[in-house]
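# Structural overview for review
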Amino acid sequence: MPYDLGAVVPLGTEVRNSSGALANAGSMALTIVLPDGTSTSIAPVTPTSTGIYAHDFATTQAGRHTVRWVASGVNAGAYTDSFDVREAAPPAILSLADAKRHLVKDGTADDDEIRTWIESITAGIEGLCGAVVVRTVTERVDVRRASTVCLRATPVLAITAVAPILTSGTAYDVDDLDVDEDTGVVQRLDGGLLYGPLRFTYSAGRRIVPAAMTAAARIILQHLWRTKQGPGRPQLGTGDFDVTEPIPGFGYAVPNRALQLLEPYRLPPEVG
């Protein structure tokens, strides 16, 4: 499961001798490669007990981290692993409390897995309906003498900046532009052409999330949570959890009842 940005990740490895018993290495070094390609090294790492090495790493970047332990000298060896760190505010249609309430979950044992499902469900719904959780988007648009451009992340709440990418490019004041929130189509108020390439910065999403979307998210969560329940275990709910026609990018992961709730908010074909 991914860690939260700023969390401390407990890293560890074991060293064993040729007989398979825990034993110390001659020396142990740890290298952590961060998502931006930089790395941090800790050497030597001293064992916490015979053959057991540990290090607590405080995260500072979101993304995939690679961990490599290298033992040298006696009982030499190496071990490579990885871990992921969430962005500071990952998009989530449901709160953890809402999700746990719907799954009838007490305690915290399943919290990390539930949060991962929430993030996955959010991405799936946004793939069908456009941005739900409000976020800032930076997008390059390669326009060449066009009357309109179309931004990808919709609904568009507001354009905050438009900057030319080329040093000889044309700059535009956002007050001189009109944007259709639902389609993301941008045009000049004076009817003139837009010249690019341009870098748009804008906010997208829904300030008020429709109840049908949160209801659909709960249904999908309940449906996907059933994969944890093996034969003989009580199932959460009954009814139509099948999809008769696969949805591109979803397969059979979304029940019909959830799709019906999302239907009024589906992106038009030319946008999706």
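Right above here is the structure, for reference.
As a further point, take the sheet that holds strand β5 (residues 52–58). Read from one edge to the other, the open sheet built from three strands follows the order β1-β5-β4, with strand pairing classed as antiparallel. Only two strands of the sheet have a single neighbouring strand rather than two, namely β1 (8–14) and β4 (47–49). Sheet twist, expressed as the average angle between the axes of neighbouring strands with direction ignored, equals 40°. Here β1 runs beside β5; their pairing, made up of seven bridges, is antiparallel. Pairing of E14 across the sheet is with I52, part of β5.

Moving on: the packing of helix α2 (residues 111–129) against helix α3 (residues 211–225). The geometry of α2 relative to α3 is characterised by a closest axis approach of 10 Å and an angle of 125° between their N-to-C directions. Looking at the two axes, α2 sits oblique to α3. Both α2 and α3 take part in a crossing whose hand is right-handed. Of the residues in α3, those touching α2 at E113, I114, W117, I121, I125 and C129 are M213, A217, I220, L221, L224 and W225. The class makeup of the residues in the contact of α2 with α3 is 11 nonpolar, no polar and one charged.

Below, the discussion takes up the sheet that holds strand β3 (residues 39–42). Read from one edge to the other, the open sheet built from four strands follows the order β3-β2-β6-β7, with strand pairing classed as antiparallel. Strand pairing shows two members of the sheet lacking a second neighbour, β3 and β7 (77–85), which therefore form its edges. On average, each strand axis in the sheet is inclined to that of its neighbour by 15°, with strand direction left out of account. Here seven bridges tie strand β2 (residues 27–33) to strand β6 (residues 63–72), and the two strands are oriented antiparallel to one another. Along β6, the bridge assignment pairs S27 with S72.

Counted under the stated rule, the structure contains two aromatic pairs. Relative to F83, the ring of Y3 lies with its centre 6.0 Å away and its plane at 90°, an arrangement referred to as edge-to-face. Highlighted residues: Y3 in the segment before β1 and F83 in strand β7, separated in sequence by 80 residues. Given a relative accessible area of 27%, Y3 falls into the partly exposed group.

Once that is clear, we can look at the nonpolar core. The nonpolar side chains of a soluble globular protein tend to be buried with one another. Residues I121, I125, I220 and L262 are the most contacted members of the largest nonpolar core, which totals 23 residues. Among the elements that take part in this core, α3 stands out by supplying eight residues, more than any other. One finds V137, V156, Y172 and V186 within the second-largest nonpolar core, a separate group that totals 18 residues.

The subject of this paragraph is α3. Along its 15 residues, α3 runs 21 Å from first to last C-alpha, staying within 8% of the 21 Å computed at 1.5 Å per residue. Counted residue by residue, α3 has 12 buried out of 15 residues, so it is predominantly covered. Those residues of α3 that sit buried are A212, M213, T214, A216, A217, I219, I220, L221, Q222, H223, L224 and W225. For α3, the secondary structure elements touched by its buried residues are α1 (96–103), α2 and α4 (256–262).

Counted as a void, the largest pocket has a volume near 190 Å³. If you go around the largest pocket, you meet 13 residues; those closest to its centre are C129, P155, E181, D182 and R206. Taken together, the residues of the lining of the largest pocket break down into seven nonpolar, two polar and four charged.

Reading the values: the criteria
Residues numbered from 1 in each chain as written. Predicted model: local features only at pLDDT ≥ 70, side-chain atom pairs only at ≥ 80, totals over all residues. Heavy atoms only, no water. Pairing = 2+ DSSP bridges. Helix = DSSP H or I, 4+ residues; strand = E, 2+ residues; numbered from the N terminus. Axes fitted to C-alpha atoms, helices over the stretch in contact; angles between N-to-C directions. Parallel < 35°, antiparallel > 145°, perpendicular 65-115°, else oblique. Left-handed = near helix turned anticlockwise from the far one by under 90°. Contact = heavy atoms within 4.5 Å. Nonpolar A, V, L, I, M, F, W, Y, C, P; charged D, E, K, R; others polar. Phe/Tyr/Trp six-rings, centres within 6.5 Å; stacked < 30°, edge-to-face > 60°. Buried < 20%, exposed > 50% of the residue type's maximum accessible area, 1.4 Å probe, protein only. Core = buried A, V, L, I, M, F, W, Y, C linked by side-chain atoms within 4.5 Å. Expected span 1.5 Å × (residues − 1). 1 Å grid on protein atoms, 1.4 Å probe; cavity = no way out; pocket = protein on both sides within 12 Å on 5 of 7 lines; lining within 4 Å. Points joined across faces, edges and corners; volume = space filled by probe spheres on them.

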